[in-house]
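Residue-level structural notes
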Amino acid sequence: MIARGVAKLSSKSKSKSVFVCQSCGAQRARWEGKCSDCGAWNSLVEERIAPEAPARGLSSRASSAGQERGWQTGGGAGRVTRLSESRSLADGRRQDVDRKSTGFHELDRVLGGGLVKGSFILVGGDPGIGKSTLLLQMAGGLAERGSKVLYVSGEESVDQTSLRAERLGLTNSLDSILLASESQLETIRDITANESPDVLIVDSIQTVYLEDLNSAPGSVTQVRECAASLMNLAKSQGIIVFVVGHVTKEGQIAGPKVLEHMVDTVLSFEGDKTHTFRLLRALKNRFGATHELGVFAMDSKGLTEVHNPSELFLEERGDRLVGSAVFASMEGTRPLLCEVQALTVSTQMAMPRRTAIGLDTNRLQLLAAVLNRHLGLKLAQSDLFINVVGGLRLDEPAADFAVAAALISSETERELSAKTCFFGELGLTGETRAVPFAELRLKEARKLGFEKFVLPASNKKQLLSAGKAALNGVIFVRDVQELARAAVGEDTGRNTLRHHDARISAERNV
């Protein structure tokens, strides 16, 4: 009887094996080719889960607190009836947040004005894009301002990180930055407790592991538990914690989605490694505006700030402006001017191509249908190509005016004015719709020398409240026909595209 009971007890204490989806964190008892929760294929990986520690009754903390406050226990061992604390909203009113500058004006802008004490920040991006370079240069800027920084790398040795710091020109800050090469989270916490830094940088969260967990580093369980431990470290000790996160081939941050919910700020470092520009976006920010944008340029000495990205994106604009329109976008709270290029080529294929770089292809197909229906442009017989210069991606509907003007210009072979800026939304019935922040867009465009602005008529009331000076050079359009006339300077309505029809006929005869 005793032997049987012991055998039963030991079988319960064994760890069990489960299959965990590396995309969404769902757990299954058996392996599945496709996750039934998120639909990802071949994402379930076997992990060993240690048994939970048995309850040992009341903790000393709960017992002492209960005796002091007179809490009642009952209903079985280990149960405590706790009285929750509450306070009025006036007692917990917002205080002025003391922000710490990173030394990078662009990074401070994306963070909402600087670093907040106790914040937990996740930085994601493609391999080799410059995440570690950005954080190491940020560490140098913080050290120059008197902050104590601990940089923990799980991918490089201390000597490798030191050589990279010297290459970036951080020789004056090397003595103020503490370096460690460690992946075990328990050791990282011990180092942090001994050094008491103001800022902790962990590169990367996928290499850190807890020794008590049987799963491999980078698995869903390890990433979730390590992130929770680092979040507790940031909130309990007031340390600013940065963690670097790898991304999947789809561009999403690897690991469970709960990782992005835990952190205060999610920064995405984007760009093409073959180009010099790097874009830093705030996808989530509890201490500032989301979708804020910071622009950097990569050179031999690391990352440098681009203080006027609008001028930089437009400085290489060509002289022949057929199919080239300028759009005033809003990236968070920053107005940014960029060039939208369009090319239309007649084709004999049954299904013409629709290619867009920096713009949603579905949006391009929608605009092509509107121009085909309401202007008589025979875009259904042409291949359409759209490119947003500089590596930007336009997600807001306000880009409709610039894309449509570029398509009209390319198809009719009429040049657009070099001093004209477009922004506005088009509807399926050909009407125009107002866009937000029209005044900020106009100020940025005027600062760069633009004199003519094509806007939706619905924005006129908003600009009138800013004064009559805001209306100088502004052309308000009510539909796509008026947009076409404002863009190419002639009536391009249905049955008036003689030049366009003659060109199409000549190409077909050839």
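Analysis parameters
- Throughout, a residue's number is its position along its own chain's written sequence, starting from 1.
- In view of the model being predicted, local features appear only for residues whose pLDDT reaches at least 70, and side-chain atom pairs are presented and counted only at 80 or more, with totals across whole chains, interfaces and linings using the full set of residues.
- Water and hydrogen atoms were dropped before computing side-chain values, which therefore reflect all heavy atoms in the structure.
- The helix count covers DSSP runs of H or I at least four residues long, the strand count covers runs of E at least two residues long, and both are numbered beginning at the N terminus.
- Relative accessibility decides the category of a residue: with a 1.4 Å probe and only protein chains considered, values under 20% of the type maximum give buried, values over 50% give exposed, and everything between is partly exposed.
- Contacts: residue pairs with any heavy atoms within 4.5 Å of one another.
- Using a 1.4 Å probe, accessible areas were evaluated by the Shrake-Rupley method; residue-level cover was limited to the displayed protein chains.
- Here, strands pair whenever DSSP counts at least two bridges between them.
- Under this scheme, a helix contributes an axis fitted over its contacting stretch, all axes are lines through C-alpha atoms, and angles between N-to-C directions fall in the 0 to 180 degree range.
- Per-residue confidence from the predictor is reported as pLDDT, a score between 0 and 100.
- Each nonpolar core is a collection of buried residues, namely Ala, Val, Leu, Ile, Met, Phe, Trp, Tyr and Cys, held together in the definition by side-chain atoms within 4.5 Å.
- Orientation categories follow fixed angle ranges, with anything under 35 degrees roughly parallel, anything over 145 roughly antiparallel, 65 to 115 roughly perpendicular, and all other angles oblique.
- Each residue receives one of three labels: charged for Asp, Glu, Lys and Arg, nonpolar for Ala, Val, Leu, Ile, Met, Phe, Trp, Tyr, Cys and Pro, and polar for the others, Gly being one of them.
- Polar contacts, as counted here, are pairs of nitrogen or oxygen atoms within 3.5 Å of one another; within protein the pair requires one atom able to donate a hydrogen and one able to accept it, and residues that are adjacent in sequence qualify only if both atoms are side-chain atoms.
- In summary, the pairing rule links any two rings of Phe, Tyr or Trp, Trp by its six-membered ring, whose centres are within 6.5 Å, and it sorts them by plane angle into stacked for under 30 degrees, edge-to-face for over 60 and tilted for everything else.

1. Structural notes on the overall build of the protein chain
When helices and strands are tallied, the protein chain shows 15 helices and 25 strands. Looking at the protein chain residue by residue over its 510 residues, the buried ones come to 45%. Within the protein chain, contacts between residues separated by at least 24 positions form 66% of all contacts whose residues are at least 6 apart in sequence. When the accessible surface of the protein chain is summed, it comes to about 26400 Å², and 49% of that surface belongs to carbon and sulfur atoms.

2. Considerations on the sheet that holds strand β18 (residues 334-346)
Strand order in the open sheet formed by 7 strands is β19-β20-β18-β17-β21-β24-β25, and the pairing between neighbours is mixed. In this open sheet, the two strands that pair with only one neighbour each are β19 (354-357) and β25 (474-477). Each strand axis lies, on average, 25° off the axis of its neighbour in the sheet, ignoring direction. When β19 meets strand β20 (residues 382-388), the two strands line up parallel, connected through 4 bridges. Note that in β20 the partner of R354 across the bridge is L384. Against the sheet, helix α14 (residues 480-488) engages β21 (420-422), β24 (452-456) and β25, with an angle of about 150° to β25.

3. Concerning the confidence of the model for the protein chain
For the protein chain, per-residue confidence averages 82 on the pLDDT scale, and 82% of positions sit at 70 or higher. Overall, residues 1-13 carries pLDDT values under 50, and its contacts beyond four positions in sequence, including any with other chains, amount to 2 contacts. Across residues 53-84, confidence stays below pLDDT 50; counting only partners more than four residues off in sequence or on other chains, it has 20 contacts.

4. Considering the sheet that holds strand β8 (residues 120-125)
In spatial order, the strands read β10-β9-β11-β12-β8-β13-β14-β15-β16; together these 9 strands make up an open sheet with mixed pairing. Across the chains shown, the open sheet's two edge strands, defined by having one partner strand only, are β10 (177-181) and β16 (302-305). Taking each pair of neighbouring strands and ignoring which way they run, the sheet shows an average axis angle of 25°. As paired strands, β8 and strand β13 (residues 265-270) are joined by 5 bridges and run parallel to one another.

5. With respect to the nonpolar core
Within soluble globular proteins, side chains that are nonpolar generally end up buried alongside one another. One finds F327, L371, I386, F422, F423 and L455 to be the most contacted residues of the largest nonpolar core, which totals 63 residues. Looking at this core, the element that brings in the most residues is helix α11 (residues 400-412), giving 8 residues. Apart from the residues within four sequence positions on either side, L455 is in contact with F401, F423, A438, L442, L463, V474, I475, F476 and V477. Of all hydrophobic cores here, the second largest spans 32 residues; its members include L115, L136, L170 and I201.

6. Some words on the packing of helix α4 (residues 131-144) against helix α5 (residues 158-167)
The packing of two helices is summarised by the inter-axis angle and the distance between the axes. Their axes nearest at 11 Å, the elements α4 and α5 cross at an angle of 75°. Taken together, the axes of α4 and α5 are roughly perpendicular relative to one another. Listed contacts from α5 to S132, T133 and L136 of α4 are T161, R164 and A165. Split by residue class, the contact of α4 with α5 holds 2 nonpolar, 3 polar and 1 charged.

7. Remarks on the side chain of R334
Mapped onto the elements of the fold, R334 is located in strand β18. Side-chain polar atoms of R334 contact the backbone oxygen of L293, separated by 3.3 Å. Beyond its immediate sequence surroundings of up to four residues, R334 is in contact with E106, R109, E292, L293, G294, V295, V306, H307, P309 and S329.

8. As for the packing of aromatic side chains
Scanning the entire structure with this criterion turns up 3 aromatic pairs. Ring centres of F277 and F313 lie 5.3 Å apart, and the angle between their planes is 80°; this geometry places the pair in the edge-to-face category. With a gap of 36 residues between them, F277 in strand β14 (residues 277-285) and F313 in helix α9 (residues 309-314) connect regions that are remote in the sequence. Assessed through its relative accessible area of 4%, F313 is described here as buried. Three or more aromatic residues joined by ring pairs make a cluster, and in this case those are F104, F269 and F296.

9. Observations concerning the side chain of E260
Among the secondary structure elements, E260 is positioned in helix α8 (residues 258-262). Those residues within four positions of E260 in sequence are excluded, and the remaining contacts are L122, I253, V266 and K284.

10. Some details on the environment of N172
Mapped onto the secondary structure, N172 falls in the loop between α5 and β10. Taking relative accessible area as the criterion, N172 reaches 71% and is therefore assigned exposed. Measuring from C-alpha to C-alpha, the distance between N172 and E144 comes to 8.0 Å, with 28 residues separating the pair along the chain.

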